[in-house]
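Residue-level structure breakdown
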Amino acid sequence: MATTKKAAKKAATKKAATKKAATKKAAKKATKKAATKKAATKKGAKKGAKKGAKKAAKRAARRVRAPRPPKRLRSPLAKTKWRLETSDSAYGVFANNEQVWVSNDAGEVFVCNHDGEVQRALKVPSGARCIIADEHWIYAGTKSGVVYDLTGNVARAVYQVGAGKDILWMDIYQGNLCVADDDGGVTVYDPGEVVLWAFRETAENSMWMVRADGAGVYAGGSKSVRSFDWGGAQRWVASHDGVTFGVQTKDAVYASGDGVTGFTKAGEPLVNCKGDSFPSCAVSPDGSMIFGGDWEDQVRCYDASGNELWVLSTGCGSALSMQYREGVLFVVTDRGTLAALDVSPAAIEEARAGSVVEVRAQKAPKLSSAAADTTRVETTREVGDGVVVECVKDGAKLRVRVVSEGYKRDWFVQFPRDIRRAGAKYVVDKVLEATQGGFYRVLGNVRLLEE
């Protein structure tokens, strides 16, 4: 029995020693695994920073930003005509001959003249990702999946593309709405919010680019750029990692991401501008100047062959969206700034010589929460030069028709969806026939008619 106990003790001691050695070995292995994982994570983070999609990078832009110390400029400061500072990260920008529009993640929309003076301010109930134009109309797409018409004094909801659907970018062509979302999908709606077709690719983590013209729709996601006809049939697909923005000219489309790549509208490669993780891009109408904004608060310019011409610092953050117009590059940044950068040849030479003085930015006006009430409607007893329309029941739906003389009574009117009341009449500034015909579109302000 003593021998058995001694043998058992010896076996137990040996087992304990073996267990201790195994534990030590396992701990060493775990430490090595952790170190490998850390290195892989660090490598992955570095790779993600370089190649990550705009979805992750842009969401990392702080909603409430603490003041950050000024960066040491890696390149000369761009000459800036003016700046407007808003309260949150800015994503949407649009410029025409008279005005410049900016929208941000707080749902604020500001309209400036070309001297940077704020002329109008609107607010929508959720973050406004993008601003686009369609003929006479200006629209904002939001994180809640609602698209608002901004042509009046109050933003009006005109499309609802799904509760909670985050519209990352959109385009509207002759009333047809094209939406790129954070699930890697593109959906096209007619003016009555009926889905014409939808495309979804599981390999695409997000879609941050969508543009449209008479030939069809161009979309870009985390893996590619694609083209579809208006029936939804895919015309072509081209590889492009991490597409985060896209613009078009008459004959070409350009996508940013890992550099900026241009394609003809037939899908043929046109130009490749090398760079690391560009959240936005822009191009001159003739394609002679191609711009890419990087995450180091810089803008890079390339020629039509992809040769880098210059690199300048914005001085106000990383450009999340941009638009070029007649020698001026309008950028909106992760700091919430709208800036008009002078990119004329003379201004570039001045900037590269280091003689540019940073301009003083003006603050955008504060907007109350009441400004986001898009259901408020002024009343009137006078028609004046306006057009009278009436809301009627059409089965389960509320639709709007023109009552004033000189219009087709059997055509419906694209009308703000959240102010429709059965039997109510409204006075609108203008009613215009849609380019493709078959329905009308309201332009300007809407007032409830009291009879």
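Model, not experiment: these values are computed from the prediction. (Residues numbered from 1 in each chain as written. Predicted model: local features only at pLDDT ≥ 70, side-chain atom pairs only at ≥ 80, totals over all residues. Heavy atoms only, no water.)

In terms of helices and strands, the chain carries three helices and 35 strands. Counting across all 451 residues of the chain, residues that qualify as buried make up 51%. Of the roughly 21400 Å² that the chain leaves accessible, carbon and sulfur atoms contribute 52%. (Helix = DSSP H or I, 4+ residues; strand = E, 2+ residues; numbered from the N terminus. Buried < 20%, exposed > 50% of the residue type's maximum accessible area, 1.4 Å probe, protein only. Areas by Shrake-Rupley, 256 points an atom, 1.4 Å probe, with all protein chains shown as cover.)

What follows is about the sheet that holds strand 18 (residues 245-248). Read across the open sheet, the four strands follow the order 18-19-20-21; overall the sheet is antiparallel. Edge strands, defined here as strands with exactly one partner in the open sheet, are strand 18 and strand 21 (269-273). Strand-to-strand twist of the sheet, defined as the mean angle between neighbouring strand axes without regard to direction, takes the value 15°. In the sheet, strand 20 (residues 259-264) pairs with strand 21 via four bridges, with the strands oriented antiparallel. Across the sheet, the residue bridging to valine 260 is cysteine 273, located in strand 21. (Pairing = 2+ DSSP bridges. Axes fitted to C-alpha atoms, helices over the stretch in contact; angles between N-to-C directions.)

With respect to the helices and strands, glutamine 298 occurs in strand 24 (residues 298-302). Among the residues examined, glutamine 298 registers a relative accessible area of 3% and is labelled buried. A distance of 2.8 Å separates a polar atom in the side chain of glutamine 298 from a polar atom in the side chain of aspartate 294. Those residues in contact with glutamine 298 that sit more than four places away from it in its chain are Arg74, Ser75, Gly292, Gly293, Val311, Leu312, Ser313 and Thr314. (Polar contact = N/O pair within 3.5 Å; in protein donor to acceptor, adjacent residues only side chain to side chain. Contact = heavy atoms within 4.5 Å.)

All right, on to the pattern of salt bridges then. Within this structure, the stated rule accounts for 20 salt bridges. A salt bridge links glutamate 451 to lysine 425, with the nearest nitrogen and oxygen atoms 3.7 Å apart. Of this pair, glutamate 451 sits in the segment after strand 35 (439-449) while lysine 425 sits in strand 34 (residues 425-433); the two residues are 26 residues apart in sequence, bridging distant segments of the chain. One network of salt bridges, in which partners are shared, links Asp105, Arg129 and Asp166. (Salt bridge = Lys/Arg side-chain N within 4 Å of Asp/Glu carboxyl O.)

To continue, consider the sheet that holds strand 23 (residues 290-293). As summarised here, the arrangement of the four strands in space is 22-23-24-25, forming an open sheet in which the pairing is antiparallel. The two strands at the open ends of the sheet, each matched to only one other strand, are strand 22 (280-283) and strand 25 (308-313). On average, adjacent strands in this sheet sit at an angle of 20° to one another, irrespective of strand direction. In this structure, strand 24 lies alongside strand 25, joined through five bridges in antiparallel fashion. Across the sheet, residue arginine 300 finds its bridge partner in strand 25, namely valine 311.

Right, let's talk about the packing of aromatic side chains for a bit. Scanning the model with the defined rule gives twelve aromatic pairs in all. Relative to tyrosine 440, the ring of tyrosine 407 has its centre 5.6 Å away and its plane inclined at 80°; by these criteria the two rings are edge-to-face. With a gap of 33 residues between them, tyrosine 407 in the loop between strand 32 (397-402) and strand 33 (412-414) and tyrosine 440 in strand 35 connect regions that are remote in the sequence. Centroid distance tryptophan 411 to tyrosine 440: 5.0 Å. Interplanar angle 50°. Geometry classified as tilted. Residue tryptophan 411 is located in the loop between strand 32 and strand 33, and its partner tyrosine 440 is located in strand 35; the two are separated by 29 residues in the primary sequence. On the basis of relative accessible area, tyrosine 440 is assigned to the buried category, the value being 5%. In textbook terms, an aromatic cluster arises when at least three aromatic residues are bridged by ring pairs, as seen for Trp197, Phe199 and Phe228. Its guanidinium or amino end placed over the ring of phenylalanine 245, arginine 211 lies 5.7 Å from that ring's centre, counting from NZ or CZ. (Phe/Tyr/Trp six-rings, centres within 6.5 Å; stacked < 30°, edge-to-face > 60°. Lys NZ or Arg CZ within 6 Å of the ring centre and 35° of its normal.)

Turning our eyes to something else, we now look at unusual backbone geometry. The residue aspartate 297 is not glycine, and still its phi comes out positive at about 65°. Here aspartate 297 lies in the loop between strand 23 and strand 24. A relative accessible area of 6% means that aspartate 297 is categorised as buried. For glutamate 326, which is not a glycine, the phi torsion comes out positive at approximately 50°. In this structure, glutamate 326 sits in the loop between strand 26 (319-325) and strand 27 (328-333).

Just distances and angles here, no functional claims.
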